[in-house]
Every structure is written in structure tokens, then in C-alpha cells.
Amino acid sequence: MLSAEETLVRAEQACLMHYGQLPPKAMITGGEPTLDREYLIALVKGLKAKGFKEIILMSNGYEIGLEESYASELVDAGLTEAHIDVKAYSEDIHIWYTGKSNKPVLNAVKLLNETGIELLIQTVYMPGSVDAEEIERIAKFLSTVNKAMKHRINPFTPTFAFEEVTRRPTIEEIEHAYKLAVKHLPNVIISQSCYREYPTPPTQETWITVYPDLTSKRRSIKDQEEDRIAWLSKSRAVPEEEVLQALNRADPAYLLELGQVIMKNTPLSPAPSTIQKKRR
């Protein structure tokens, strides 16, 4: 296990190795980064001290919503932006989905909004459970918190799901969900995946992964798929060939049509920002 300080040292070395300088932005993802509060706050403070201008957190929001001071402590440490997964608005659906109440998650949205940082909410459309009507409920809730809240709808992708809980939504279903949500919340978009940028940029082809020992590898979507196939094979104790046969891979025509829908439904002029000044 690395301490926050050790992580920062190696992150800085990796940046200097591959960029020749520290980039202005850092994104903290997981797993779930908020589980270790002390570590996360130390990490955010360290990133700010090293000169990062934008520090973004991706989280399910649960832990943040349990403690009234967690959100403000993160912002005081230097956090500038948060992406929160709101999986469902209905309590029963959220419990079925996660085994936990969604009250802390909804509370986290309110607490983070009060700090005035940039906030993006993400929801996965899951036919039969988190469908268009449920997404509209989420949009209604978000509009009561901040009418200018950004909300991204991602279609469920069954390709690497550990359990076959549902299917991929159709293009028509996704577009219907968008139309219901945008009635309440102007800043709604459809996406192919989880991105920081808003609207969604073209899919990234390759990236560099730097490991804790500072070895690195340029990886691609194909590499990522192979890693996930190996993980599924090991976790399910079945040959990789069986996993490959069972994979419900995305139809290229579906992705092309989804891209066209994203372009058509991307707001050209997002609603004016209502970011507040940071609380003191």
C-alpha cells in the first residue's frame, strides 16, 4: 500500500517522465476513492500543493453524503470538480442495484452543490430497472438542487458486466430518456462512456498506464478488453474461450447511430453557470 505522500511522489515522477512537466489537471478515480477519507484529503491537498489547477474526483457519492463536512473538507483541500454516479432516484431500485440506500448519494449531490464546485451527475440507463421514467425522476430531483446541473446519461453495456442483469438499451429508448430528462434539466447529454469533458469528445484510442514501480505501457481499447476477458475468466473460473463466446459485443452500427444521436442532442449553448462562491 502506498501512502498519499508516496503516491504523489510517484505521480510526479510519472508526469515528468512522460510529459516533461506537470499537467494542469488531475483526476482521482477508483474503485471508490472516498472510502479512505484521510488518504483522499491528503492526496487532494498534495496535488494542489504541487500546482495542479484542476483536481477532479469521480465517486459514487455514498461516503460523502454520510458526513456533512466531507464535501467542504475536500473543497477546502483543493478539489475543483466532482463527478457523482446517481444510479437511481427510487429507493427500492437503488437498494436492488447496490444493496444500499440512495439517501446519502442524494445528500452528497446537495452538499457538493453547496460548495460551488463544478458538478457532473452520471446515470446508466438499464432497461427494465433504471429506464426513461426513472431517469426523469433523477432529472427532476437535480433540477430542485440546481437547474443548471450537468447530467450525463450513459447506455448500459453488457459486454463486461459480471452478471447479465439486463440488455443494452435501444437508440430509441436512450433518446426518449433524454427527451424526458431535458424537460426538467437543460444540461442533459447522452454519452457513450464516462468522460470528464462536456459535451462528450471522440473516443480515445490509446493512453499510457504507469504502474507503481514506474514501469509504463501504452494501452488501447483492445488491451483493456483482453484484461477484462482475463479477469472474467478468472473470476468465473471458466476458460477465456467461453467468455469470448458469451460476450455481447457492441454492434458497430449501434455505436455509429448512438454517435449521431449524441451529436443531435448535444446542447450547443449550455445553460448559464450558477456556480457559487466557495464557502468559507
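It should be noted that the structure appears before, not after, this text.
These remarks concern the structure in this document. Bear in mind that the values here come from a model prediction, so they are computed numbers and not experimental data.

The rules behind these values
- Residues numbered from 1 in each chain as written.
- Predicted model: local features only at pLDDT ≥ 70, side-chain atom pairs only at ≥ 80, totals over all residues.
- Heavy atoms only, no water.
- Helix = DSSP H or I, 4+ residues; strand = E, 2+ residues; numbered from the N terminus.
- Expected span 1.5 Å × (residues − 1).
- Buried < 20%, exposed > 50% of the residue type's maximum accessible area, 1.4 Å probe, protein only.
- Pairing = 2+ DSSP bridges.
- Axes fitted to C-alpha atoms, helices over the stretch in contact; angles between N-to-C directions.
- Right-handed = clockwise from strand over helix to strand, strands pointing away.
- Salt bridge = Lys/Arg side-chain N within 4 Å of Asp/Glu carboxyl O.
- Polar contact = N/O pair within 3.5 Å; in protein donor to acceptor, adjacent residues only side chain to side chain.
- Contact = heavy atoms within 4.5 Å.
- Left-handed = near helix turned anticlockwise from the far one by under 90°.
- Nonpolar A, V, L, I, M, F, W, Y, C, P; charged D, E, K, R; others polar.
- Phe/Tyr/Trp six-rings, centres within 6.5 Å; stacked < 30°, edge-to-face > 60°.

In this model helix H6 (residues 103-115) runs 19 Å from its N-terminal to its C-terminal C-alpha over 13 residues, within 8% of the 18 Å that 1.5 Å per residue would give. Pro 104, Val 105, Leu 106, Ala 108, Val 109, Leu 111, Leu 112, Asn 113 and Thr 115 are the residues of H6 that are buried. One or two residues past the end of H6 sits Gly 116, with phi positive at roughly 90°.

Within a sheet, adjacent strands bond to each other through the backbone by hydrogen bonds, running parallel or antiparallel. Spatial ordering of the open sheet is given by E1-E2-E3-E4-E5-E6, a layout of six strands whose pairing is parallel. Each edge of the open sheet is held by one strand with a lone partner, namely strand E1 (25-28) and strand E6 (188-190). Across the sheet, the mean angle separating the axes of adjacent strands is 20° when strand polarity is ignored. Bridge analysis of E1 against strand E2 (residues 54-59) gives four bridges, and the strand direction is parallel. The residue of E2 that forms the bridge with Lys 25 is Glu 54.

With respect to burial, strand E5 (residues 150-155) is a largely interior element, five of its six residues being buried. Here strand E4 (residues 118-125) runs beside E5; their pairing, made up of six bridges, is parallel. Directly across from Thr 123, in E5, lies its bridge partner Ile 153. As for the winding sense of the linkage, the β-α-β connection from E4 through helix H7 (residues 132-145) to E5 is right-handed. Where E5 meets E6, three bridges bridge the pair, whose relative direction is parallel. Of the residues in E6, the one forming a bridge with Arg 152 is Ile 189.

Taking burial as the measure, the eight residues of E4 include six buried ones, the bulk of the element. By the bridge criterion, five bridges tie strand E3 (residues 81-85) to E4 in an arrangement that is parallel. Following the sheet pairing, Ile 84 is matched in E4 by Ile 121.

For the structure shown, the criterion picks out ten salt bridges. Among the salt bridges present, the one from Arg 167 reaches Glu 173, with a minimum N-O distance of 2.7 Å. Glu 173 gets classed as partly exposed once you look at its relative accessible area, which sits at 21%. Lys 222 is the salt-bridge partner of Glu 226, the closest N and O atoms lying 2.5 Å from each other. With a gap of four residues between them, Glu 226 and Lys 222 both fall in helix H9 (residues 221-236), about one helical turn apart. Of the residues examined, Lys 222 reaches a relative accessible area of 53% and is grouped as exposed.

Time to look at the side chain of His 151. Assignment of secondary structure puts His 151 in strand E5. Within polar-contact distance, the side chain of His 151 engages the side chain of Thr 123 at 3.0 Å. In contact with His 151, not counting residues within four places along its chain, are Leu 120, Ile 121, Thr 123, Ile 135, Ile 138, Ala 139, Leu 142, Leu 185, Asn 187, Val 188, Ile 189 and Tyr 198.

Omega for the peptide link from Gly 30 to Gly 31 comes to 5°, which places this bond in the cis form. Considering the arrangement of structural elements, one finds Gly 31 in the loop between E1 and helix H2 (37-49).

Let us now look at the side chain of Arg 219. Tracing the chain through its elements places Arg 219 in strand E8 (residues 216-220). Setting aside chain neighbours within four positions, we find Arg 219 in contact with Glu 205, Thr 206, Trp 207, Thr 209, Tyr 211, Gln 224 and Asp 227.

Quick look at the packing of helix H4 (residues 70-77) against H6 now. Packing of H4 against H6 brings their axes to within 9 Å, and their N-to-C directions diverge by 35°. Along this stretch, H4 crosses H6, giving a crossing that reads as right-handed. Where H4 approaches H6, its residues Ala 71, Ser 72 and Val 75 are matched on the opposing element by Leu 111, Leu 112 and Thr 115. Residues of the contact of H4 with H6, tallied by class, amount to four nonpolar, two polar and no charged.

What follows concerns the packing of aromatic side chains. For the coordinates displayed, the defined rule picks out two aromatic pairs. With centroids separated by 5.8 Å and ring planes inclined at 35°, the aromatic side chains of Tyr 89 and Phe 141 adopt a geometry described as tilted. Note that Tyr 89 is positioned in the loop between E3 and helix H5 (91-98) and Phe 141 in helix H7, a separation of 52 residues in sequence. On the basis of relative accessible area, Tyr 89 is assigned to the partly exposed category, the value being 35%.

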